[in-house]
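The chain contents come next:
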Protein chains: 2
Amino acid sequence: MIGIVGDSAAGKTTITRGLVRALGEDNVAAVCTDDYHKYDRNQRAEMKITPLHPDCNYVDIMGQHLQDLRANRAILKPVYQHSDGTFGPPVYVEPRRFTIIEGLLAFHTQEMRDTFDIRIYLAPPEELRRKWKVSRDTTKRGYTTDKVLAELDRREHDSAAFIRPQKQYADLVIAFQPVEGRDQSQLDALITLHPGLAHPNLAEVINGDSDGLELRRDGECDVLFVPGELDRERGEEIEEHIWKSLHFAQHLRSGRLGEFTLGTELRRSEALALTQLLIFYHALTARASVALGGSGTREQDKIIAESNG
Amino acid sequence: MIGIVGDSAAGKTTITRGLVRALGEDNVAAVCTDDYHKYDRNQRAEMKITPLHPDCNYVDIMGQHLQDLRANRAILKPVYQHSDGTFGPPVYVEPRRFTIIEGLLAFHTQEMRDTFDIRIYLAPPEELRRKWKVSRDTTKRGYTTDKVLAELDRREHDSAAFIRPQKQYADLVIAFQPVEGRDQSQLDALITLHPGLAHPNLAEVINGDSDGLELRRDGECDVLFVPGELDRERGEEIEEHIWKSLHFAQHLRSGRLGEFTLGTELRRSEALALTQLLIFYHALTARASVALGGSGTREQDKIIAESNG
């Protein structure tokens, strides 16, 4: 069970879509926790509450449904319609081999955090996220640019209070970063690999070549830098190395990692492909370790609990 | 947790409403399992499936939600709109002191049956039920008489296969019966009290007087007959006797038991009042026994399991 958390327009859906394609549509139950809003768009406006606030969401039901899916039980998932901000009839979601939960508050409670094998937090620079949000909300959700910018300001308090603190619970923190003069298919990726999960050994293939790839230590974490302009051949070399440790899952190799849409155009990014493969790696090793009777103990949770007093 | 099962228009809502009034609206979470239909009215027509068929309902979700409520967890309940046969946004149902579940299939699985402290099956004579159904569906659900009658025929197979067999799991089987020349406020009530629950001792107050009340033994069951024309004073005497054993719950005495609407008129029936009080008695003693650490073992379930092989 994979959890993907990040602020609005941080790229959750892009990451999720790639994983669903890679794992196979029929193998994945993908659930978005935005569907668990308590109030529709009009009610929120009246109440002056943002969808980022836990009080604006059925956090208890979210937690139960995550546990249900984790325990292989189907759920009847509510449906929030972004197109007009109202709720539709619920849909039946059957448990599958893999579950991907993406949303604003999926790591908000311990109960929810405990259901995940891998926890991912998306942390693009605010400037980039704002750009993404304006672009998406004006083209797909019928807002004007001014409205989106005003909404971003209105949400800032709750972002800081409820969304960003969830970063501390992540196994992987992923930050795509724009580079002056390059377009969005060439964003750099900065990936922080927290201890608690056994990450693939990348030191064997990333060793200070002039390809721009970097792997460095930051406290207890490994930090991987993937330049947006990494060429395909070198990208595939790293991917090949990771696939070697996934020998039990060769049948899932699809080669469609790294795809995303820019406007209406289908594009590909090596940095995105590598990021998705890292998540993919953990999804598969988690399954393997569960299948082999692994305990899934989360050392990281203990460390955080201790440091938070 | 009270379960009330019976075929369409068997009187589930009438019984439930009286109980909700008696227990206090704020004390009761009332859930109708019709909301768990899988298909809307048009889909059912296309598929030629009736809402009585388990395949037409999310029986698994029903079972989970009953267990959630039983364990004091809130649920997000789907909403089936009888007015037009479609689904609306789900609603949040918080656990309360008492839970009343009414529906067509609430005793269909062992999982569901196990959640109830009291199981009630409503078994009016088919002729009376058909009359009730025609009356309700033409006045409240926009059907014509011919359509309702055709629908009743269409449902007969599934009624026999899935609804009526649930009667065997009931603690109380309630059959209101019409009497020639009397109107609906004077239906007789025939109540079969199955072993497995400790019913109130009625033999002390029902003793062959000429009031028409009868208490007789039928195999392992007690059968109580309450004539529709029972006068109010005698009714209240019996009720008083039952209330004596509910000394811990005197504050819940409201005197509004037995009310129902006939057309647009509010009416009262002694037989209905007594029936509701019997259910009420079990709701309260179940709570008391849980509070006192009772185990809630269901002897009846074992007996049925044995006899069914």
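Computed from a predicted structure; not experimentally measured. (Residues numbered from 1 in each chain as written. Chains lettered and ligands numbered in written order. Predicted model: local features only at pLDDT ≥ 70, side-chain atom pairs only at ≥ 80, totals over all residues. Heavy atoms only, no water.)

A. Geometry of the overall build of chain A. Summing up its helical and strand segments, chain A has nine helices and twelve strands in all. Expressed along its principal axes, the backbone C-alpha trace of chain A runs to roughly 55 × 50 × 40 Å. Classification of the 309 residues of chain A by burial places 53% in the buried group. Residue pairs in contact within chain A that sit at least 24 positions apart in sequence constitute 70% of those at least 6 positions apart. Surface exposure of chain A reaches about 14000 Å², of which carbon and sulfur atoms provide 48%. Computed over 39 positive and 48 negative side-chain charges, the separation of the two mean positions in chain A equals 4 Å. (Helix = DSSP H or I, 4+ residues; strand = E, 2+ residues; numbered from the N terminus. Buried < 20%, exposed > 50% of the residue type's maximum accessible area, 1.4 Å probe, protein only. Contact = heavy atoms within 4.5 Å. Areas by Shrake-Rupley, 256 points an atom, 1.4 Å probe, with all protein chains shown as cover. Lys, Arg positive; Asp, Glu negative; His and termini not counted. Charge placed at Lys NZ, Arg CZ, Asp CG, Glu CD.)

B. Molecular detail of empty space enclosed by the protein. Residue and element names in this part refer to chain B. Throughout the structure, instances matching the rule amount to one cavity of 30 Å³ or more. In this structure, the largest cavity occupies an estimated 30 Å³ of space. Around the largest cavity, the lining residues are T33, D34, H37, P51, N57, M62, L104 and L105. By residue class, the composition of the lining of the largest cavity is four nonpolar, three polar and one charged. (1 Å grid on protein atoms, 1.4 Å probe; cavity = no way out; pocket = protein on both sides within 12 Å on 5 of 7 lines; lining within 4 Å. Points joined across faces, edges and corners; volume = space filled by probe spheres on them. Nonpolar A, V, L, I, M, F, W, Y, C, P; charged D, E, K, R; others polar.)

C. How the structure looks around the sheet that holds strand β6 (residues 118–122) of chain A. All names here are of chain A. The strand order across the open sheet formed by eight strands is β2-β5-β1-β6-β7-β8-β10-β9, and the pairing between neighbours is mixed. Here the strands that pair on one side only, and so sit at the sheet edges, are β2 (28–32) and β9 (214–218). Each neighbouring strand pair of the sheet contributes to a mean axis angle of 20 degrees, computed without reference to strand direction. Relative to strand β7 (residues 172–177), β6 runs parallel, the two being bridged by three bridges. Its bridge partner lying in β7, L122 is registered against I174. In the packing of helix α1 (residues 12–23) onto the sheet, the strands contacted are β1 (2–6), β2, β5 (98–103), β6 and β7, and the crossing angle to β5 comes to about 170 degrees. (Pairing = 2+ DSSP bridges. Axes fitted to C-alpha atoms, helices over the stretch in contact; angles between N-to-C directions.)

D. The arrangement of the confidence of the model for chain A in detail. Across chain A, the average pLDDT comes to 88, with 92% of residues at 70 or higher. For this predicted complex, the interface score ipTM comes out at 0.79, alongside a pTM of 0.84. (pLDDT = per-residue confidence, 0-100.)

E. Inspection of the relation of the copies chain B and chain A at higher detail. Overlaying chain B with chain A gives an RMSD of 0.0 Å, the required rotation being 180 degrees about an axis along which the chain moves by 0.0 Å. Between the two chains, the operation in question is that of a two-fold axis. The position closest to the rotation axis in chain B is occupied by the C-alpha of P89 of chain B, lying 2.5 Å away. (Least-squares fit on C-alpha atoms with pLDDT ≥ 70 in both.)

F. Up close: the sheet that holds strand β9 (residues 214–218) of chain B. Residue and element names in this part refer to chain B. Judged by pairing direction, the sheet is mixed, and its eight strands sit side by side in the order β2-β5-β1-β6-β7-β8-β10-β9 without closing on themselves. The strands lining the two open edges of the sheet, one partner per strand, are β2 (28–32) and β9. Neighbouring strand axes in the sheet, compared pairwise and without regard to direction, differ in orientation by 20 degrees on average. Direction of pairing for β9 relative to strand β10 (residues 221–226): antiparallel, over a ladder of five bridges. Bridge pairing in β10 links R216 to V223. The strands touched by helix α1 (residues 12–23) within the sheet are β1 (2–6), β2, β5 (98–103), β6 (118–122) and β7 (172–177), with β5 carrying the most contacts at an inclination of about 170 degrees.

G. Quick look at the interface of chain B and chain A. Listed by partner, the interface residues are 15 residues for chain B and 15 residues for chain A. Put simply, chain B and chain A have zero salt bridges between them. The interface formed by chain B and chain A holds four residue pairs in polar contact (both at pLDDT 80 or more) in total. If you list the elements that add at least two residues to the side of chain B that touches chain A, you get α3 (59–70), β3 (75–81) and β4 (86–93) of chain B. If one sorts the elements of the side of chain B that touches chain A by residue count, β4 of chain B sits on top with five residues. Considered class by class, the residues forming the side of chain B that touches chain A number ten nonpolar, two polar and three charged. (Salt bridge = Lys/Arg side-chain N within 4 Å of Asp/Glu carboxyl O. Polar contact = N/O pair within 3.5 Å; in protein donor to acceptor, adjacent residues only side chain to side chain.)

H. Structural detail: α1 of chain B. Residues and elements named next belong to chain B. Look at α1: 16 Å from first C-alpha to last across twelve residues, which is about the 16 Å you get at 1.5 Å a residue. Within the sequence span of α1, burial applies to K12, I15, T16, G18, L19, V20, A22 and L23. Once α1 ends, the next one or two residues include G24, with phi positive near 100 degrees. (Expected span 1.5 Å × (residues − 1).)

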